[in-house]
Amino acid sequence: MKNKFNLFLIIVIFIFIFVIFYKSLQDTNIYTPSVKINNEIPSFSAKLLYSDETVNSQEIFESNKYYLLNIWSSWCVPCREEHALLMDLTKEKNIIVFGLNYKDTKINAQEFLNELGNPYEKIMFDKDGVKSIEWGAFGVPESFLIYNNKVVEKYIGPLNKELIKKIKLLIK
Amino acid sequence: MKLLRLFFVIFFIIFPNQIKAEEGDLKNKITKNLRCLICQGQSVYDSDSEFANSLKIVVNKKLDEGFSEKEIYKYFEDKYGEWILYDPLFNKNTYFLWLLPLLIFLIGGAIIFKKFIKKHQ
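Residues numbered from 1 in each chain as written. Chains lettered and ligands numbered in written order. Predicted model: local features only at pLDDT ≥ 70, side-chain atom pairs only at ≥ 80, totals over all residues.

**Let's talk about the overall build of chain A**
The test is simple: Only runs of H or I of at least four residues qualify as helices and only runs of E of at least two qualify as strands under DSSP, and these elements are numbered from the N terminus. Here a residue counts as buried when 20 or more other C-beta atoms sit within 10 Å of its C-beta, as exposed when there are 12 or fewer, and as partly exposed otherwise, the C-beta atoms being derived from the backbone. The contact rule is simple: place each C-beta atom from the backbone, and if two of them lie within 7 Å, those residues are in contact.
Scanning chain A from N- to C-terminus turns up six helices and eight strands. With the principal axes as the frame, chain A shows a C-alpha extent of 85 × 35 × 30 Å. Evaluated residue by residue, chain A yields a buried proportion of 30% over its 172 residues. Of the contacts formed within chain A by residues at least 6 apart in sequence, a portion of 74% connects residues at least 24 apart.

**Details of the packing of helix H3 (residues 77–89) of chain A against helix H6 (residues 161–171) of chain A**
Residues and elements named next belong to chain A. Applied cut-off: Comment: axis = line fitted to C-alpha atoms, over the contacting stretch for helices; angle = value between 0 and 180 degrees taken between N-to-C directions. Roughly parallel means an angle under 35 degrees; roughly antiparallel means over 145; roughly perpendicular covers 65 to 115; every other angle is labelled oblique. Throughout, a crossing is termed right-handed when the near helix is turned clockwise from the far one, and left-handed when it is turned anticlockwise from it by less than a right angle. Each residue receives one of three labels: charged for Asp, Glu, Lys and Arg, nonpolar for Ala, Val, Leu, Ile, Met, Phe, Trp, Tyr, Cys and Pro, and polar for the others, Gly being one of them.
Between H3 and H6, the shortest axis-to-axis distance is 10 Å and the interhelical angle comes to 20°. Here H3 is positioned roughly parallel relative to H6, judged by the angle of their axes. As H3 runs across H6, the sense of the crossing is right-handed. Of the residues in H6, those touching H3 at Leu 85, Asp 88 and Leu 89 are Lys 161, Ile 164 and Ile 167. Considered class by class, the residues forming the contact of H3 with H6 number four nonpolar, no polar and two charged.

**Concerning the nonpolar core**
This is how it is decided: Only buried residues count toward a nonpolar core: Ala, Val, Leu, Ile, Met, Phe, Trp, Tyr and Cys, linked into one set through C-beta atoms within 7 Å.
If you look at the biggest cluster of nonpolar residues, it comprises 25 residues, and the most contacted ones within it are Leu 68, Leu 69 and Val 97 of chain A. Those elements giving two or more residues to this core turn out to be strand S4 (66–72), H3, strand S5 (95–102), strand S6 (122–126) and strand S7 (142–147) of chain A. Listed in part, the 14 residues of the second largest apolar core include Cys 36, Val 44, Val 59 and Ile 72 of chain B.

**Describing the sheet that holds S5 of chain A**
Residues and elements named next belong to chain A. Filter applied, for reference: Here, a strand pair is defined by DSSP locating no fewer than two bridges between the strands.
Here eight strands make up an open sheet; going across it, the order is S1-S8-S7-S4-S5-S6-S2-S3 and the pairing mixed. Edge positions in the sheet fall to strand S1 (39–40) and strand S3 (54–56), since each of these pairs with one other strand and no more. Where S5 lies against S6, five bridges are found, and the strand directions are parallel. Residue pairing across strands places Leu 100 opposite Met 124, the latter belonging to S6.

**Considering the interface of chain A and chain B**
The interface of chain A with chain B comprises 13 residues on the first partner and 14 residues on the second. Within the side of chain A that touches chain B, the residues separate by chemical class into five nonpolar, five polar and three charged.

**A short note on the confidence of the model for chain B**
Threshold: Confidence scores here are pLDDT values: one per residue, from the predictor, ranging 0 to 100.
When pLDDT is averaged along chain B, the result is 85, and 87% of the positions lie at 70 or above. Ranking the elements of chain B by mean pLDDT puts helix H1 (residues 2–32) of chain B last, at 73, and helix H2 (residues 50–64) of chain B first, at 93.

**What to know about helix H3 (residues 69–80) of chain B**
Since there are 3.6 residues in each turn of an α-helix, residues three or four apart along the chain are aligned in direction. How we decide: Take the residue count of a helix, subtract one, and multiply by 1.5 Å to get its expected span.
Taking 1.5 Å of rise per residue, the twelve residues of H3 of chain B would be expected to cover 16 Å, and the 17 Å separating its terminal C-alpha atoms lies within 8% of that figure. Directly beyond the C-terminal end of H3 of chain B, a positive phi value near 90° is found at Gly 81 of chain B.

Laid out in structure tokens, this is it:
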């Protein structure tokens, strides 16, 4: 009786471990950041890049309007690639593009915009990267589609033509 | 009187340093428990990436604002999800993870105890 019970126990434990290992086989161990959307936009104040005016993040976003907040930097190569798409997006009437300049210098940022154009209606300055952390960002570039003071979509990495198409569809 | 003065001098030299040291310890402890999300396998404490450096600044700021260790973890968890914490919090997804070692310990203990009693009988 006792032997049978022990055998049963061993089999149960074996099956249990097998199931756990088998399930973990299918899990990827490469981390893909969970995109937390429909979150309220964070509250913080930031200086604008070209004036010493300080703005509050919750005041500049009006409800019932679409905004695209783009985190960028002059030293970031993918930002350069997506910049033309942002310029293209500004032609849309229903969306306002804001910029959050990440760990950059004012001179370099200005040169970057002079060269490629300025799609941003307002540019907030994030010298030490703290504001980007408030937004739950990882680095540059990263974009947030905002509607009614909520983050509707989050795009990690550079925007591409397909994403811009999607955004244009969403805001129509 | 001289002794008292000496005591005060020593006290004021050591005590503020002590506070600073404790603050540093707490900051290190927190950043060691935060995962650098863009450099896998490294904590924020170990990493020198832009992301980790910004996170260190935020931890410092939050400590200055009087946030407790738990509140800081909660803040980062809200922003980035639970993956950012090396020590997962105790919730329904992690009951098993936290309780399994305890369970194994208890079962092992019971087996040893049983054998021990058998031997003595």
